Amino acid sequence: MKFPFVFQKIRAAFELQSILDANRLLPASAGSLHGKLDHVSRCYAGNSARYWLRAFTARQYSTNSTKVSLTRELRLCIKWWLLALKSPIPRPIPIDRRQMPQTILYTDGEGSGSIGGLIFHRAVGEANFGKPRYFQLDLPPELFLMWNKPGKQVINQIEATAPLIAAHTWPEMFENALCHIYIDNDAALSSLVKGCSSKTLSMGALASFTWDALANLGTWPWFERVEDRKSTRLNS
(Lines give C-alpha, C1' and ligand atoms only; values in the text may rest on other atoms or scores of the structure.)
Protein backbone atom coordinates (compact mmCIF):
# COMPACT_ATOMS: atom_id res chain seq x y z
CA MET A 1 0.00 0.00 0.00
CA LYS A 2 3.00 2.29 0.36
CA PHE A 3 3.82 2.47 -3.35
CA PRO A 4 0.63 4.26 -4.52
CA PHE A 5 1.24 6.95 -1.90
CA VAL A 6 4.85 7.41 -3.04
CA PHE A 7 3.64 7.70 -6.62
CA GLN A 8 1.08 10.32 -5.61
CA LYS A 9 3.80 12.35 -3.89
CA ILE A 10 6.07 12.27 -6.92
CA ARG A 11 3.25 13.19 -9.29
CA ALA A 12 2.06 16.05 -7.07
CA ALA A 13 5.59 17.42 -6.67
CA PHE A 14 6.18 17.33 -10.42
CA GLU A 15 2.88 19.13 -11.09
CA LEU A 16 3.60 21.79 -8.44
CA GLN A 17 7.08 22.47 -9.80
CA SER A 18 5.69 22.77 -13.34
CA ILE A 19 3.11 25.33 -12.15
CA LEU A 20 5.78 27.28 -10.29
CA ASP A 21 8.05 27.37 -13.34
CA ALA A 22 5.21 28.42 -15.66
CA ASN A 23 3.95 31.01 -13.15
CA ARG A 24 0.32 30.28 -14.05
CA LEU A 25 -2.57 28.25 -12.64
CA LEU A 26 -6.03 27.97 -14.14
CA PRO A 27 -9.06 27.82 -11.80
CA ALA A 28 -9.99 24.32 -13.03
CA SER A 29 -6.45 23.08 -12.47
CA ALA A 30 -6.43 24.62 -8.98
CA GLY A 31 -9.52 22.61 -8.04
CA SER A 32 -7.98 19.37 -9.30
CA LEU A 33 -4.70 20.06 -7.51
CA HIS A 34 -6.53 20.90 -4.28
CA GLY A 35 -8.22 17.48 -4.34
CA LYS A 36 -4.94 15.64 -4.90
CA LEU A 37 -3.07 17.49 -2.16
CA ASP A 38 -5.94 17.14 0.28
CA HIS A 39 -5.86 13.36 -0.29
CA VAL A 40 -2.09 13.23 0.23
CA SER A 41 -2.29 15.36 3.39
CA ARG A 42 -4.59 12.83 5.06
CA CYS A 43 -1.59 10.49 5.26
CA TYR A 44 0.42 13.12 7.14
CA ALA A 45 0.55 13.61 10.89
CA GLY A 46 -1.57 16.44 12.24
CA ASN A 47 -3.51 19.13 10.38
CA SER A 48 -0.72 21.52 9.41
CA ALA A 49 -1.32 21.06 5.67
CA ARG A 50 -4.88 22.39 5.61
CA TYR A 51 -3.82 26.03 5.85
CA TRP A 52 -1.65 25.62 2.75
CA LEU A 53 -4.62 24.56 0.61
CA ARG A 54 -6.66 27.76 0.92
CA ALA A 55 -4.81 29.59 -1.89
CA PHE A 56 -5.81 26.82 -4.31
CA THR A 57 -9.43 27.12 -3.17
CA ALA A 58 -9.35 30.89 -3.74
CA ARG A 59 -8.04 30.41 -7.28
CA GLN A 60 -10.55 27.62 -7.99
CA TYR A 61 -13.50 29.87 -7.19
CA SER A 62 -12.03 33.06 -8.60
CA THR A 63 -14.55 35.06 -10.64
CA ASN A 64 -11.79 36.45 -12.85
CA SER A 65 -11.10 33.62 -15.27
CA THR A 66 -8.45 35.64 -17.12
CA LYS A 67 -6.22 35.98 -14.04
CA VAL A 68 -3.98 32.92 -14.23
CA SER A 69 -0.60 34.21 -13.01
CA LEU A 70 0.50 33.08 -9.57
CA THR A 71 -0.18 35.34 -6.61
CA ARG A 72 2.30 35.72 -3.76
CA GLU A 73 0.14 33.46 -1.58
CA LEU A 74 -0.01 30.77 -4.27
CA ARG A 75 3.75 30.80 -4.67
CA LEU A 76 4.26 30.49 -0.91
CA CYS A 77 1.80 27.58 -0.73
CA ILE A 78 3.42 25.76 -3.64
CA LYS A 79 6.89 26.15 -2.11
CA TRP A 80 5.60 24.87 1.25
CA TRP A 81 4.10 21.80 -0.42
CA LEU A 82 7.30 21.07 -2.34
CA LEU A 83 9.20 21.01 0.96
CA ALA A 84 6.50 18.99 2.73
CA LEU A 85 6.43 16.35 -0.01
CA LYS A 86 10.18 15.82 0.30
CA SER A 87 10.13 14.89 4.00
CA PRO A 88 6.58 14.11 5.17
CA ILE A 89 5.82 12.97 8.71
CA PRO A 90 3.46 9.98 8.35
CA ARG A 91 0.30 9.82 10.41
CA PRO A 92 1.03 7.38 13.29
CA ILE A 93 -1.33 4.95 14.96
CA PRO A 94 -0.72 4.40 18.71
CA ILE A 95 -0.77 0.75 19.74
CA ASP A 96 -1.00 1.09 23.53
CA ARG A 97 -1.83 4.51 24.98
CA ARG A 98 -0.91 3.26 28.45
CA GLN A 99 2.71 3.20 27.31
CA MET A 100 2.67 6.88 26.32
CA PRO A 101 3.49 9.88 28.54
CA GLN A 102 0.65 12.29 29.29
CA THR A 103 0.69 16.09 29.26
CA ILE A 104 -1.95 18.65 30.24
CA LEU A 105 -1.55 22.28 29.16
CA TYR A 106 -3.67 25.26 30.23
CA THR A 107 -3.09 28.50 28.32
CA ASP A 108 -4.43 32.03 28.42
CA GLY A 109 -3.79 35.40 26.82
CA GLU A 110 -4.62 39.06 27.37
CA GLY A 111 -5.39 41.82 24.90
CA SER A 112 -2.21 43.61 25.97
CA GLY A 113 -0.20 40.83 24.33
CA SER A 114 0.69 38.80 27.41
CA ILE A 115 0.34 35.01 27.23
CA GLY A 116 0.84 32.30 29.83
CA GLY A 117 0.75 28.57 30.22
CA LEU A 118 0.64 25.97 32.99
CA ILE A 119 1.79 22.47 32.09
CA PHE A 120 1.55 19.12 33.88
CA HIS A 121 3.45 16.03 32.77
CA ARG A 122 3.37 12.37 33.72
CA ALA A 123 6.05 10.06 32.39
CA VAL A 124 5.43 6.43 31.49
CA GLY A 125 5.29 4.28 34.62
CA GLU A 126 4.60 7.16 37.00
CA ALA A 127 1.37 7.16 39.00
CA ASN A 128 1.05 10.93 39.40
CA PHE A 129 1.80 14.08 37.45
CA GLY A 130 5.03 15.85 38.36
CA LYS A 131 5.47 19.40 39.57
CA PRO A 132 3.77 21.81 37.15
CA ARG A 133 5.73 24.36 35.15
CA TYR A 134 4.63 27.83 34.16
CA PHE A 135 5.60 30.38 31.54
CA GLN A 136 4.64 33.99 30.90
CA LEU A 137 5.63 36.01 27.86
CA ASP A 138 4.89 39.45 26.42
CA LEU A 139 4.61 39.09 22.66
CA PRO A 140 6.81 41.47 20.62
CA PRO A 141 5.07 44.56 19.18
CA GLU A 142 6.04 43.51 15.64
CA LEU A 143 3.40 40.79 15.77
CA PHE A 144 0.68 43.32 16.55
CA LEU A 145 1.66 45.33 13.49
CA MET A 146 1.26 42.19 11.37
CA TRP A 147 -2.07 41.19 12.91
CA ASN A 148 -3.70 44.54 13.57
CA LYS A 149 -6.16 45.52 10.83
CA PRO A 150 -8.86 48.22 10.99
CA GLY A 151 -11.93 46.85 12.75
CA LYS A 152 -10.21 43.57 13.66
CA GLN A 153 -9.41 42.17 17.09
CA VAL A 154 -6.09 40.47 17.81
CA ILE A 155 -7.03 38.65 21.02
CA ASN A 156 -7.78 35.52 18.97
CA GLN A 157 -4.23 35.47 17.59
CA ILE A 158 -2.78 36.15 21.04
CA GLU A 159 -4.66 33.19 22.54
CA ALA A 160 -3.70 30.92 19.62
CA THR A 161 0.01 31.67 20.08
CA ALA A 162 0.30 30.16 23.58
CA PRO A 163 0.31 26.41 22.66
CA LEU A 164 2.95 27.05 19.99
CA ILE A 165 5.19 28.84 22.51
CA ALA A 166 4.65 26.02 25.04
CA ALA A 167 5.66 23.32 22.53
CA HIS A 168 8.91 25.15 21.79
CA THR A 169 9.54 25.89 25.49
CA TRP A 170 9.11 22.33 26.81
CA PRO A 171 9.56 19.98 23.82
CA GLU A 172 10.52 17.14 26.17
CA MET A 173 7.04 17.26 27.74
CA PHE A 174 5.32 16.99 24.37
CA GLU A 175 7.52 14.35 22.76
CA ASN A 176 5.46 11.23 21.87
CA ALA A 177 2.88 12.27 24.47
CA LEU A 178 -0.89 12.25 24.72
CA CYS A 179 -1.57 15.93 25.27
CA HIS A 180 -4.72 17.77 26.38
CA ILE A 181 -4.48 21.45 25.47
CA TYR A 182 -7.04 23.81 27.01
CA ILE A 183 -7.68 27.16 25.28
CA ASP A 184 -9.53 30.18 26.67
CA ASN A 185 -10.86 31.45 23.32
CA ASP A 186 -13.45 29.90 21.00
CA ALA A 187 -12.01 31.29 17.76
CA ALA A 188 -8.49 30.12 18.64
CA LEU A 189 -9.84 26.73 19.68
CA SER A 190 -11.73 26.28 16.41
CA SER A 191 -8.70 27.19 14.30
CA LEU A 192 -6.38 24.88 16.25
CA VAL A 193 -8.78 21.95 15.97
CA LYS A 194 -9.15 22.37 12.20
CA GLY A 195 -5.58 23.44 11.51
CA CYS A 196 -6.79 26.45 9.53
CA SER A 197 -9.13 29.45 9.62
CA SER A 198 -11.71 30.42 7.02
CA LYS A 199 -11.63 34.09 8.06
CA THR A 200 -8.13 35.14 9.10
CA LEU A 201 -4.84 34.27 7.43
CA SER A 202 -2.79 34.85 10.59
CA MET A 203 -5.03 32.53 12.63
CA GLY A 204 -4.65 29.81 10.02
CA ALA A 205 -0.89 30.25 9.97
CA LEU A 206 -0.63 29.97 13.76
CA ALA A 207 -2.74 26.81 13.73
CA SER A 208 -0.60 25.29 10.98
CA PHE A 209 2.67 26.15 12.76
CA THR A 210 1.30 24.64 15.99
CA TRP A 211 0.30 21.38 14.30
CA ASP A 212 3.67 21.26 12.53
CA ALA A 213 5.54 21.64 15.84
CA LEU A 214 3.42 18.94 17.49
CA ALA A 215 3.83 16.57 14.54
CA ASN A 216 7.61 16.94 14.69
CA LEU A 217 7.47 16.03 18.41
CA GLY A 218 5.21 13.02 17.81
CA THR A 219 2.50 14.57 20.00
CA TRP A 220 -1.10 13.32 20.04
CA PRO A 221 -3.03 16.52 20.86
CA TRP A 222 -6.61 17.04 21.98
CA PHE A 223 -7.80 20.65 22.05
CA GLU A 224 -10.59 21.70 24.43
CA ARG A 225 -12.15 24.86 25.90
CA VAL A 226 -10.79 25.78 29.33
CA GLU A 227 -13.24 26.60 32.11
CA ASP A 228 -13.34 30.30 32.94
CA ARG A 229 -12.51 29.87 36.61
CA LYS A 230 -9.35 27.92 35.73
CA SER A 231 -8.38 30.66 33.29
CA THR A 232 -8.87 33.27 36.03
CA ARG A 233 -6.60 31.34 38.38
CA LEU A 234 -3.97 31.08 35.64
CA ASN A 235 -4.04 34.85 35.11
CA SER A 236 -3.70 35.49 38.83
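Structure shown above.
Residues numbered from 1 in each chain as written. Predicted model: local features only at pLDDT ≥ 70, side-chain atom pairs only at ≥ 80, totals over all residues. Heavy atoms only, no water.

Taken together, 5 strands build an open sheet; the order of strands is β3-β2-β1-β4-β5 and the sheet is mixed. Each of the sheet's edge strands pairs with one partner strand only, and the pair in question is β3 (133-138) and β5 (220-225). Recorded for the sheet is a direction-independent mean angle of 20° between the axes of neighbouring strands. Where strand β4 (residues 178-183) meets β5, 6 bridges bridge the pair, whose relative direction is parallel. Note on β5: the bridge partner recorded for Cys179 is Pro221. In the packing of helix α8 (residues 186-194) onto the sheet, the strands contacted are β4 and β5, and the crossing angle to β5 comes to about 155°. (Pairing = 2+ DSSP bridges. Helix = DSSP H or I, 4+ residues; strand = E, 2+ residues; numbered from the N terminus. Axes fitted to C-alpha atoms, helices over the stretch in contact; angles between N-to-C directions. Contact = heavy atoms within 4.5 Å.)

Another aspect to go through is the pattern of salt bridges. Applying the stated rule across the entire model yields 6 salt bridges. The partner of Glu73 in a salt bridge is Arg54, with the nearest N and O atoms 3.9 Å apart. Of this pair, Glu73 sits in helix α4 (residues 72-86) while Arg54 sits in helix α3 (residues 54-60), and the two are 19 residues apart along the sequence. The partner of Arg225 in a salt bridge is Asp186, and the shortest N-O contact between them spans 2.7 Å. Here Asp186 lies in helix α8 and Arg225 lies in strand β5, a separation of 39 residues in the sequence. What emerges from the salt-bridge pattern is a single network uniting Asp184, Asp186 and Arg225. (Salt bridge = Lys/Arg side-chain N within 4 Å of Asp/Glu carboxyl O.)

Let's shift gears to the nonpolar core. Formed by 31 residues in total, the largest nonpolar core has its most connected members in Ile158, Phe174, Ile181 and Phe223. Broken down by secondary-structure element, the contributors of at least two residues to this core are β2 (114-122), α5 (141-147), α6 (155-169), α7 (171-174), β4, α8 and α9 (201-216). If we ignore the near neighbours within four places in the chain, the residues touching Phe174 are Leu105, Ile119, Ala166, Ala167, Cys179, Leu214, Leu217 and Thr219. Among the nonpolar cores identified, the runner-up in size contains 27 residues, and Leu16, Leu20, Leu70 and Leu74 belong to it. (Core = buried A, V, L, I, M, F, W, Y, C linked by side-chain atoms within 4.5 Å. Buried < 20%, exposed > 50% of the residue type's maximum accessible area, 1.4 Å probe, protein only.)

Take Ile115: it is sitting in strand β2. Residues Ile115 and Pro140, 25 residues apart in the sequence, show an inter-C-alpha distance of 11 Å. Beyond its immediate chain neighbours, meaning those up to four positions away, Ile115 contacts Asp108, Gly109, Phe135, Gln136, Leu137, Leu139, Ile158, Thr161, Ala162 and Ile165.

Turning our eyes to something else, we now look at the packing of aromatic side chains. Throughout the structure, instances matching the rule amount to 7 aromatic pairs. Look at Trp80 and Trp81: their rings are 5.2 Å apart centre to centre, the planes differ by 90°, and that puts the pair in the edge-to-face class. Residue Trp80 shares its accessibility class with Trp81, and that shared class is buried. Here the aromatic cluster, defined as three or more aromatic residues joined through ring pairs, consists of Tyr51, Trp52, Trp80 and Trp81. (Phe/Tyr/Trp six-rings, centres within 6.5 Å; stacked < 30°, edge-to-face > 60°.)

For the rest of this paragraph, the subject is the pairing of strand β1 (residues 102-109). Here β1 lies mainly inside the structure; 6 of its 8 residues are buried. Judged from the 8 bridges that link them, β1 and β2 form a sheet pairing that is antiparallel. Across the sheet, Gln102 pairs through a bridge with Arg122, a residue of β2. Where β1 folds back on β2, the antiparallel hairpin that results is connected by 4 residues, among which Gly113 adopts a positive phi of roughly 105°. Inspection of the sheet shows β1 paired to β4 by 5 bridges, in the parallel sense. Paired with Leu105 across the two strands is Ile181, which belongs to β4.

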